[in-house]
Amino acid sequence: MNSTPNDPAKAPRRPVIGIVARTAPVTLQGSGLVVSLALQAHIAYLHEAGCAPLLLPLLPGAEELLDRVDGLLVPGGPDIDPALYGEAAHPVTRAMTPDADRLELALLGAALDAGLPVLAICRGMQLLNVLHGGSLQQHLPDTTGHDGHRPDTPSFTLGRHPLDLVAGSRIAGVLDEDEPESACHHHQAVGRLGDGLTVTARAADGTVEAVEVTDHPFAVGVQWEAGHTADRRLHHAFAGAAGATQENSCLPEFSTT
């Protein structure tokens, strides 16, 4: 049978985005379970941007799956084990497990080494900094004197902060507006900046709100809760970078001999 222009077999493949899974206890039909999950907004925003989201559980060897994806999204989550950046834990630090932290760092490092586009959100940005030899401020109110980055309210509340963006940065190109603002919920932030990273956004109190990996096509970390608001611009820019990576990987190789 001859194929037609609308033949699904001839349609271009959607860029595949690996989303690092989080684990959480849930109650389902009266039973307590632990599940691997991703924020639905990440899935929805990437899908509407033309990508196919793929959940990547934090298991040994997860980095071996990177040859099947065109980009990696590292979402928010628990605090990072301070031993990974040479510090003792603050009384309010609530880390995941050292093994899970190391698995995620290995996955993130492999993605960067492969040149894959990376979007690192909240904990993800902090992992990006630790991976590059940086440290974290373990409890921001100790430094800033306020809890505006993680409002102390009975329910989950986003803190709102004007952003000072570095002109010409990738994040400034994404948030192309007169008064950009973060929507955040975090009590930790970048302390000592890691090697090979550039700060591209700060809050008015000096807190680092965005970093980018120098000389990487697209490796952006943001401290705010991208995915907890209706703002899709960052996900769409990331999807565009993943699509460009996919197209380049599909280009034919030509011999020069």
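Once a new chain begins, its residue numbering starts again from 1 and follows that chain's sequence as written. Two thresholds apply to this predicted model, a pLDDT of at least 70 for residue-level local features and 80 or more for giving and counting side-chain atom pairs, whereas whole-chain, interface and lining totals are computed over all residues. Only hydrogens and water are removed before side-chain values are computed, so all heavy atoms of the structure are retained for them.

### With respect to the overall build of the protein
A tally of helices and strands in the protein yields six helices and 14 strands. By its C-alpha atoms, the protein is 70 × 50 × 35 Å across when sized along the principal axes. For every residue, the accessible area obtained with a 1.4 Å probe (protein chains only) is divided by the maximum for its type, and the residue is called buried under 20%, exposed over 50%, and partly exposed between those limits. A buried classification covers 45% of the 257 residues belonging to the protein. If you take every contact in the protein between residues at least 6 apart in sequence, the share linking residues at least 24 apart comes to 68%. In this description, accessible areas are obtained by the Shrake-Rupley approach with a 1.4 Å probe, and a residue is regarded as covered only by the protein chains that are shown. As displayed, the protein has an accessible area near 13,100 Å², and 53% of this comes from carbon and sulfur atoms. Each helix is a run of DSSP H or I of at least 4 residues and each strand a run of E of at least 2, with the numbering of both proceeding from the N terminus. We call two residues contacting when some pair of their heavy atoms lies within 4.5 Å.

### A closer look at the packing of helix α2 (residues 98-113) against helix α3 (residues 123-131)
Taken N-terminus to C-terminus, the directions of α2 and α3 make an angle of 75 degrees; their axes are 10 Å apart at the nearest point. Between α2 and α3, the interaxial angle falls into the category roughly perpendicular. Here D101, E104, L105, L108, G109 and L112 of α2 come into contact with α3, specifically with R123, G124, L127, L128 and L131. A class-by-class count of the residues in the contact of α2 with α3 yields six nonpolar, two polar and three charged. Whenever a helix is involved, its axis is fitted only over the stretch in contact; in every case the axis is a line through C-alpha atoms, and angles between N-to-C directions fall within 0 to 180 degrees. To sort the angles, those under 35 degrees are grouped as roughly parallel, those over 145 as roughly antiparallel, those from 65 to 115 as roughly perpendicular, and the leftovers as oblique. Gly falls in the polar group here, along with every residue not listed as nonpolar (Ala, Val, Leu, Ile, Met, Phe, Trp, Tyr, Cys, Pro) or charged (Asp, Glu, Lys, Arg).

### Focus on the pattern of salt bridges
Salt bridges, as used here, are contacts in which a Lys or Arg side-chain nitrogen is within 4 Å of a carboxyl oxygen on Asp or Glu. Here the structure, examined in full by the defined rule, presents eight salt bridges. Of the charged contacts in the structure, one is a salt bridge between D70 and R13, with a shortest N-O distance of 3.0 Å. Of the two residues, D70 is situated in the loop between β4 (52-56) and β5 (71-74) and R13 in the segment before β1 (16-20); the sequence distance between them amounts to 57 residues. A relative accessible area of 6% means that D70 is categorised as buried. Shared partners join several salt bridges into a network, and the residues in it are R22, D101, E104 and R123.

### Concerning the environment of G109
Along the chain, G109 turns up in helix α2. The buried category is assigned to G109, whose relative accessible area is 14%. Along the sequence, G109 and V166 sit 57 residues apart, while their C-alpha atoms lie 25 Å from each other.

### Overview of the side chain of H235
Following the sequence through the fold, H235 ends up in helix α6 (residues 233-249). Only 2.9 Å separates the side chain of H235 from the side chain of H42, close enough to count as a polar contact. Beyond its immediate stretch of four places on either side in the chain, H235 contacts H42, Y45, L46, L73, A226 and G227. For the purposes of these results, a polar contact is taken to be a pair of N or O atoms within 3.5 Å, where, inside protein, one atom must be able to donate a hydrogen and its partner to accept one; residues adjacent in sequence count only when each atom of the pair is a side-chain atom.

### As for the nonpolar core
Throughout this description, the term nonpolar core refers to a set of buried Ala, Val, Leu, Ile, Met, Phe, Trp, Tyr and Cys residues connected via side-chain atoms within 4.5 Å. Within the largest apolar cluster, 32 residues are counted, with the highest numbers of intra-cluster contacts made by L72, V118 and L128. If you list the elements that add at least two residues to this core, you get β1, β5, α2, β6 (118-121), α3, β12 (197-202) and β13 (208-213). Per-element accounting of this core gives the leading share, six residues, to α2. Core analysis: the next-biggest nonpolar cluster, separate from the first, contains 27 residues, I17, C51, L119 and V222 among them.

### A short note on the pairing of β1
Along β1, five of the five residues are buried, which leaves the element largely enclosed by surrounding structure. Here β1 shows no split at all, with V16, G18 and V20 on one side and I17 and I19 on the other all buried. Should DSSP find at least two bridges between two strands, the strands are taken to pair. Taken together, the three bridges between β1 and β5 define a ladder with parallel strand orientation. Within β5, the position partnered with G18 by the bridge is L72.

### A closer look at the sheet that holds β5
Within a sheet, each strand pairs with its neighbour through backbone hydrogen bonds, oriented either parallel or antiparallel. Read from one edge to the other, the open sheet built from eight strands follows the order β4-β1-β5-β6-β14-β13-β12-β9, with strand pairing classed as mixed. Looking along the sheet, the strands with just one partner apiece sit at the ends: β4 and β9 (164-165).

### Regarding α3
Of all the nine residues making up α3, eight are buried; the element is thus mostly covered by neighbouring parts of the structure. Among the residues making up α3, those that are buried are R123, G124, M125, Q126, L127, L128, N129 and V130. Positive backbone phi, at 90 degrees, marks G133, one or two positions downstream of α3.

### Describing the packing of aromatic side chains
Planes of paired rings set the category: under 30 degrees apart is stacked, over 60 is edge-to-face and the rest tilted, where pairs are Phe, Tyr or Trp rings (Trp by its six-membered ring) whose centres lie within 6.5 Å. With the rule as written, the count across this model stands at one aromatic pair. Relative to F238, the ring of F218 has its centre 6.0 Å away and its plane inclined at 35 degrees; by these criteria the two rings are tilted. Highlighted residues: F218 in the loop between β13 and β14 (219-222) and F238 in helix α6, separated in sequence by 20 residues. Side by side, F218 and F238 carry an identical accessibility label, which is buried.

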